[in-house]
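Chain and residue survey
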Amino acid sequence: MVMRSRPNWWLDESEGERSELLFGSLEDIKGEKDSLDGNFNEWLRLYSNRSYGSFGPQPGQPTWNLFRDSRRIKLNVIQSCVDTLASKICAQKPRPQFLTSGGDWEQRTRARGLEKFVEGTFYQAKIYTEARKVFVDGAVFGTGYLKIWAEGDKVRCERVYPSEIWVDEQVCKVSPP
């Protein structure tokens, strides 16, 4: 609880003290995150109908055991509902529109060109494919993350597992993350 007791800890003069406060804060967040990862593991087991040891690879251990798990669900209603919602909602592909209120012909033409450009960029980056995975993550885990970045002159995106994101829940209650 080092960071919570000292606001603006990053402004301290001593670099050693800053690093000590940073790593203390990370340990606090890790403690909270471990319990959340346990919940993620349970929610993933309910959705996928498989037992997972933990998030992340475990050397020498299979990540799931499909045939020997006595807790397998015969009819997985959770997966059925989530997949049905994903197929209905993700079938609609929202796209940004550029509006020209009171614009002339040239501005409207430019706006249509921008719409086509953005649509092509979405197609190239496979935004809609990744967005479906993020939607399923949101339905299963409560939140989903999509990382978007520029790589040269192209836009790339990838789904990020919720267990890979570290958020200090206590600080988020009183300020933006």
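First, a word on scope: everything that follows refers to the structure included in this document. Counting starts from 1 at the beginning of each chain's written sequence and moves along it residue by residue. Only residues with pLDDT of at least 70 are given local features in this predicted model, and only at 80 or more are side-chain atom pairs given and counted; all residues enter the totals for whole chains, interfaces and linings. For the side-chain quantities, the full set of heavy atoms in the structure was used; hydrogens and water were omitted.

**Looking at the layout of surface pockets**
How we decide: Only protein atoms enter the 1 Å grid used here. Points where a 1.4 Å probe fits but cannot escape make up a cavity, open sets with protein on both sides within 12 Å along at least five of seven lines make up a pocket, and a residue lines them when an atom lies within 4 Å of a point. Grid points are joined across faces, edges and corners, and a volume is the space filled by probe spheres set on the points. For this classification, the nonpolar set comprises Ala, Val, Leu, Ile, Met, Phe, Trp, Tyr, Cys and Pro, the charged set comprises Asp, Glu, Lys and Arg, and every other residue, Gly included, is treated as polar.
Approximately 190 Å³ is the volume attributed to the second largest pocket. Lining the second largest pocket are 15 residues, and of these Leu-36, Pro-162, Ile-165, Val-167 and Glu-169 lie nearest its centre. When the residues that make up the lining of the second largest pocket are grouped by side-chain class, the tally is nine nonpolar, two polar and four charged.

**Section: the pattern of salt bridges**
Just so we agree on the cut-off: Salt bridges are defined as contacts in which a side-chain nitrogen from Lys or Arg sits within 4 Å of a carboxyl oxygen from Asp or Glu. A run of H or I in DSSP becomes a helix once it reaches four residues, and a run of E becomes a strand once it reaches two; helices and strands are each numbered from the N terminus. Residue burial is assigned from relative accessible area. The probe radius is 1.4 Å, only protein chains are included, and a residue is buried under 20% of its type maximum, exposed over 50%, and partly exposed in between.
Summed over all chains, the structure comprises seven salt bridges. As a salt-bridge pair, Glu-130 and Lys-133 come within 3.2 Å of each other at their nearest N and O atoms. Here Lys-133 and Glu-130 lie together in helix 5 (residues 127-141), a separation of three residues that amounts to about one turn. Residue classification places Glu-130 among the buried residues on the basis of a relative accessible area of 13%. Judged by relative accessible area, which is 34%, Lys-133 ranks as partly exposed.

**Looking at the packing of aromatic side chains**
Quick reminder of the rule: The aromatic pairing rule takes the rings of Phe, Tyr and Trp, using the six-membered ring of Trp, and pairs them if the centres are within 6.5 Å, calling planes under 30 degrees apart stacked, those over 60 edge-to-face and the rest tilted.
Tallied over the entire structure, the rule returns three aromatic pairs. Between Phe-40 and Trp-43, the ring centres sit 5.8 Å apart and the planes meet at 55 degrees, which makes this aromatic pair tilted. Here the residue Phe-40 and the residue Trp-43 both occupy positions in helix 2 (residues 15-48), the gap between them amounting to three residues, near one helical turn. Its relative accessible area of 4% is what places Phe-40 among the buried residues. Where Phe-40 meets Phe-141, the ring centres are 5.2 Å apart and the plane angle is 65 degrees; that geometry is what we call edge-to-face. One end of the pair, Phe-40, is in helix 2; the other, Phe-141, is in helix 5, and 101 residues separate them in sequence. An identical accessibility class is assigned to Phe-40 and Phe-141; each is buried.

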